[in-house]
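# Structural overview
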Amino acid sequence: REGIPRPVGGGEGCEEVRVIHAAAATSPRLARVLSYLRDQRGASVTTREIHRATGVEAVSTAISELRKGGIPIACELLRVNGDGTKIFWYRLGDA
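The following refers to the structure shown. (Residues numbered from 1 in each chain as written. Predicted model: local features only at pLDDT ≥ 70, side-chain atom pairs only at ≥ 80, totals over all residues. Heavy atoms only, no water.)

## Looking at helix 1 (residues 28–39)
Rule in force here: Secondary structure elements follow DSSP: runs of H or I no shorter than four residues count as helices, runs of E no shorter than two count as strands, and numbering proceeds from the N terminus. What a helix should span is 1.5 Å times the count of its residues minus one. To sort residues, take the accessible area from a 1.4 Å probe on protein chains only and compare it with the maximum for the residue type: under 20% means buried, over 50% means exposed, and anything in between is partly exposed. This arc is taken over the directions from the axis of the helix to the C-beta atoms. Residues count as neighbours in contact if any of their non-hydrogen atoms are within 4.5 Å of one another.
Taking 1.5 Å as the rise per residue, helix 1 with 12 residues should run 16 Å; its terminal C-alpha atoms sit 16 Å apart, in good agreement. Leu30, Val33, Leu34, Tyr36 and Leu37 are the residues of helix 1 that are buried. The buried residues of helix 1 all sit within an arc of 160° when viewed along its axis, so they share a single face. Exposed residues on helix 1 whose side chains face more than 90 degrees from its buried face are Pro28 and Arg38. Looking at the buried side of helix 1, the elements it contacts are strand 3 (45–46), helix 2 (47–54), helix 3 (59–68), strand 4 (73–80) and strand 5 (86–92). Just downstream of helix 1, arginine 41 is the residue with a positive phi angle, here 50°.

Structure, rendered in structure tokens:
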């Protein structure tokens, strides 16, 4: 599997770079997210809705891994709450 290079460590000029591997699109975790998105028939759903329906904690990571596996998933920033929390919508298909 091809990994995603990510800088690791703190401070400026992170010298160390590790490769983070995406899970296979057939993993049960990713299958739950993909199945839920398919069930929405093109409707947009929030990160929280996906989490509640699938039990997946790191929804944005799962979305990223599905995209890496070739699944087109659109993402749109819905709003930013007063405390700075960003609310995203996801749906199957291109943006």
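More follows now that the structure is in view.
## A few points about helix 3
Of the positions making up helix 3, those classed as buried are Val59, Ala62, Ile63, Glu65 and Leu66. Taken around the axis of helix 3, the buried residues stretch over an arc of 165°, which confines them to a single face. Positive backbone phi, at 95°, marks glycine 70, one or two positions downstream of helix 3.

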